[in-house]
Amino acid sequence: MINNDDDIMLRKATYSDVNQIYNIIQSRCKWLDENNIEQWNVTRTYKLEYFLDKIKDERIYVATYQNKVIGLFMFQLSTHYGEYDENIAYIHHLATDMQYKGVGKIIFSKIIEIAKLHSRKYIRLDNIASNTKLNEYYEKNGFKQIGLIEPENYDGKNYGIIRQLEIK
C-alpha cells in the first residue's frame, strides 16, 4: 500500500522498463475488453516496438513504487495532431497497474509539475467519446471537454473528445 505521494517516483522510461510498460498496457486492454469499454483495445493494437520507439524519443515517463513500474504516460510538447502551441503539453497512454489504486491522481499531480517546468499553461489529452467511465474520471480530475474529433480524424469509427486541464 502506498502511504505517501512522495513514495511514487517519476522518471523517463529506459529500455529496461519496456516489458513492465507493455504488461501494464496489455493488462489495461484486457480489463477494457472484460468490461466492454472501448479505448485502446479497439482503436489500436500496440506492439512492444511502439513503446521502444517512444522510449528512444524520451517521451515515455514511468511512475515507480519501490523500484517497480506502476504507471506510465507519454508526454509531448506538441499536440497529438501535429500542431504546436507553446502553452500546451499533451499526454497519451496514461495507464496504471490495477493493483495500485489512486496512482492516476498522483501521476496527474506530477504531470502538472513537469508541464510547469516547460512553462505550459494547459495539459491536453483525448479519449473515445463513448467511454463513459474514462470521461467521468477525467472530469473528476479537472479535465474539461474542449472539442470533438470526427471519427475519420480519430480512429475511423468513433468520435474522440479533446480534454484540457488549466494549470494554476
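Thresholds applied
Residues numbered from 1 in each chain as written. Predicted model: local features only at pLDDT ≥ 70, side-chain atom pairs only at ≥ 80, totals over all residues. Heavy atoms only, no water. Buried < 20%, exposed > 50% of the residue type's maximum accessible area, 1.4 Å probe, protein only. Helix = DSSP H or I, 4+ residues; strand = E, 2+ residues; numbered from the N terminus. Pairing = 2+ DSSP bridges. Axes fitted to C-alpha atoms, helices over the stretch in contact; angles between N-to-C directions. Contact = heavy atoms within 4.5 Å.

Caption draft 1: Seen up close, the pairing of strand S2 (residues 60–65). Among the six residues in S2, six count as buried, and that is most of the element. Note: strand S1 (residues 8–12) against S2, five bridges, orientation antiparallel. In the strand pairing of S2, Arg-11 is matched with Val-62. One ladder, built from six bridges, connects S2 with strand S3 (residues 68–76); its direction is antiparallel. Paired with Ala-63 across the two strands is Gly-71, which belongs to S3. Connecting S2 to the antiparallel partner S3 that follows it, the hairpin turn spans two residues, and Gln-66 within it adopts a positive phi of roughly 50°.

Caption draft 2: How the structure looks around the sheet that holds S3. One open sheet accounts for seven strands, arranged S1-S2-S3-S4-S5-S7-S6; its pairing is mixed. Each edge of the sheet is formed by a strand with only one pairing partner; in this case those strands are S1 and strand S6 (144–149). The average undirected angle you get between the axes of adjacent strands in this sheet is 30°. In the packing of helix H5 (residues 132–140) onto the sheet, contacts are made with strand S5 (122–128), S6 and strand S7 (160–166), and the angle to S5 comes to roughly 165°.

None of this, on its own, says anything about what the molecule does.
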